[in-house]
Structures are given as structure tokens and as C-alpha cells.
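# Remarks on the overall topology
Below are the chains, spelled out letter by letter.
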Amino acid sequence: MTNNLPRIAFLGIGLMGAPMTRNLLTAGYPMTLWNRTASKCEPFAGEATIAGTPAEAVAGTDVVITMLENGSVVEDVLVVQGALTALKSGALVIDMSSVQPSLARRLAGLAAEQGAGFVDAPVSGGTLGAAEARLSIMAGGSEADVERARPVFEVLGKCTRIGPVGAGQLAKLANQAIVGITIGAVSEALLLAAKGGADPAAVREALMGGFAGSRILELHGQRMIDRDFAPGAPARIQLKDMRMILDEARAEGLTLPLAQQTHNEYLSLAANGHSDVDHSGLLLELEHLNGTLLGSLGRGPKEDTSNSKN
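So, about the pairing of strand β5 (residues 92-95). A two-sided burial pattern is seen for β5, the buried positions comprising Leu-92 and Ile-94 on one face and Val-93 and Asp-95 on the other. With 4 bridges connecting them, strand β4 (residues 63-66) and β5 associate as parallel partners. Looking at β5, one finds that Val-63 is bridged to Leu-92. Crossover handedness for the path β4 to helix α3 (residues 71-80) to β5: right-handed. Since β5 and strand β6 (residues 117-120) lie parallel, the crossover through helix α4 (residues 101-113) that links them has a hand, and here it is right-handed.

Next up, the structure:
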């Protein structure tokens, strides 16, 4: 069965890439892996081929997936380190990193020169979504190339074709604008309630049942209350995304004041030494600005409250 599946080269075995690789291996795909820090490939050494360079990894493979930190790294791996020129004719490159739409279009052109297809397919869902194979995949590319990629995407989550190359990245920028701005709104709302004497845990619970309910309030609101800022999506990545949002807005002649303010807050968060906290850690910048902590009068879940009444 494995022999009937295309061989995948996966470049970037990090917080997202590792669980995605696990799901692809479990689905039976033969794989070749590369990562700048080679030790991150070691957990898969018994199931996949480990390559020493990106060019070595992609040679002879049918599908190349990149999941790298930013556009500069993607360009370095694919162009400078020669992965694109090592492609076999007919291969398909799927960049699942978050990069500038203009870079996606340029890389697609370079891939076409090698006789290869290209799909930009950034994702939303974080490390939990990657582990549970329920990523939201925003694909930009020709209908034919996206259909070629779809069996791979179905192992990782749900794919929506947005439009031509670059459109996936535009959708991801829209996603990150909503995520970043909403994290800021949740931070301000919980701090406002707590400062006035309300229990932020109870406020979150009440709001979850109303019009303000959201995944951000559910997951990141709880992180804020628990002060659990171990990175799922590091703040430096959110800052990078906010910067790309503003760059794209300027290119389109748009002014996005909420995105600009959120960018500035993440910039201050990073400047104050919190680049590697989870992006829900934007609360820390708000606390710093106000000289107060969120705190909580009732941090326990519902069952703890019921137990206390027994």
C-alpha cells in the first residue's frame, strides 16, 4: 500500500511540522525529512529517511512540503539552498508556512521553471490542530494542483481552495488579523472585569454562552486565567504576521487601525523580553502597561466549584 502513495519530502520539523509528519507517517506515506536542527528529525528516524540538506531531501520525491518559520527561511531553503533546482519534473511543492503573498507567487514561478507545480497552503489551528489532524488549510494554486494535494491535506485537516497562488496567504493574513486583534480584545475585557472586582474565570464562562463567545475566548481566555503562556504559537510569529498584514495593506492602499495597534502591542511585548511566550501572552503587555495583574477569584473549573459545595 505504501508503494502506491507518493513520497513526501517534509522540510521543517518544528512545533507544527512534527505532529503533521506523525500524521502523514501514520497514513502510510513514505517520507524524507529535513530540519535545520537535525535532532528534531530523530524521533522519526525508524520510519522515515533523514536527509542532510534540503536539496538531498527533495531529490526524487513527488511532493515537497515546507513548514518553516517565515518567508526569509522559506526562500533560503527553497532557493539559496537549492531545493527548487533539485526538484524532479512533475513534482508538487506545497508551502504550508505563512509568508508574503508576493513571495508565494515568485516561488511558484521558480517551481514552474523546473516543471513543478506549487500550492501555498498556510494553516490555522495551532499545535493542537496539527496533532489532532484538524487544521484549517487555506490553499492557493491552480484547481489541478490543489486537487493533487488534496489527499495529503485530508490527512492533516480540512482544505479550502481560496483562489490562485498567493490567495492562501491572503486568507491566512485575514485569519491572523482576526486572531491577533481578538486576543487583544479578550485581554482587555478580562482585565477590565477583574480590575472592577469581577471574577475573570466566571466572566469568561458567562461570555462563552453569548455573542462574544469564540475559540480565542475559550482557549486563550483560559490560558490568560491560568497564566499558561508556554508557546503553542509564539508571540514573535504573531508579530511577524501582523507586520505582513500591514505590509500587504500598504501595498493595497489600505489603512487598518486595529491591526496597526495590535502590531504595536506585540512589538512592545517582544521588546520587553516576551518574544517566545504564546501569543495569548499579549495579556502580559497589557498588565505591564497598567501596572496590574489579571489574577482570578475562582480559577477552578465547574466541577471544582460543585465539589466545594459538598
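We are not done yet, so read on.
Turning next to the packing of helix α7 (residues 167-195) against helix α12 (residues 282-290). In contact at an axis separation of 9 Å, α7 and α12 are set at 45° when each is read in the N-to-C sense. The pairing of α7 with α12 is recorded here as oblique in orientation. Crossing angle aside, the handedness with which α7 passes α12 is right-handed. Residues Gly-180, Ile-183, Gly-184, Ser-187, Glu-188 and Leu-191 of α7 pack against Leu-282, Leu-283, Leu-286 and Asn-290 of α12. Residues of the contact of α7 with α12, tallied by class, amount to 5 nonpolar, 4 polar and 1 charged.

Moving on, we get to the confidence of the model for the protein chain. Residues at a pLDDT of 70 or more form 94% of the protein chain, whose mean pLDDT is 93. Ignoring residues within four places in sequence, the model shows residues 298-310, a span with pLDDT below 50, making 8 contacts including any to other chains.

Position of Pro-54 among the secondary structure elements: in helix α2 (residues 54-58). Note on Pro-54: relative accessible area 1%, which makes it buried. Along the chain, Pro-54 and Ala-86 lie 32 residues apart, while their C-alpha atoms are 8.8 Å from each other. In contact with Pro-54, not counting residues within four places along its chain, are Leu-11, Trp-34, Val-77, Gln-81 and Ala-83.

Looking now at unusual backbone geometry. Even without a glycine there, the phi angle at Ala-133 is positive, about 55°. Position of Ala-133 relative to the elements: it lies in the loop between α5 (126-131) and β8 (135-140).

Applying the stated criterion across every chain yields a total of 13 salt bridges. Measuring nitrogen to oxygen at the nearest pair gives 2.6 Å for the salt bridge that ties Glu-132 to Arg-134. Exposure remark for Glu-132: the relative accessible area of 44% places this residue in the partly exposed category. Here Arg-134 falls in the partly exposed class, since its relative accessible area comes to 38%. Between Asp-276 and Arg-236 there is a salt bridge, with its nearest N and O atoms 2.3 Å apart. Here Asp-276 is found in the loop between α11 (257-271) and α12, whereas its partner Arg-236 is found in helix α10 (residues 235-251), with 40 residues between them in sequence.

Basis of the calculations
Residues numbered from 1 in each chain as written. Predicted model: local features only at pLDDT ≥ 70, side-chain atom pairs only at ≥ 80, totals over all residues. Heavy atoms only, no water. Buried < 20%, exposed > 50% of the residue type's maximum accessible area, 1.4 Å probe, protein only. Helix = DSSP H or I, 4+ residues; strand = E, 2+ residues; numbered from the N terminus. Pairing = 2+ DSSP bridges. Right-handed = clockwise from strand over helix to strand, strands pointing away. Axes fitted to C-alpha atoms, helices over the stretch in contact; angles between N-to-C directions. Parallel < 35°, antiparallel > 145°, perpendicular 65-115°, else oblique. Left-handed = near helix turned anticlockwise from the far one by under 90°. Contact = heavy atoms within 4.5 Å. Nonpolar A, V, L, I, M, F, W, Y, C, P; charged D, E, K, R; others polar. pLDDT = per-residue confidence, 0-100. Salt bridge = Lys/Arg side-chain N within 4 Å of Asp/Glu carboxyl O.

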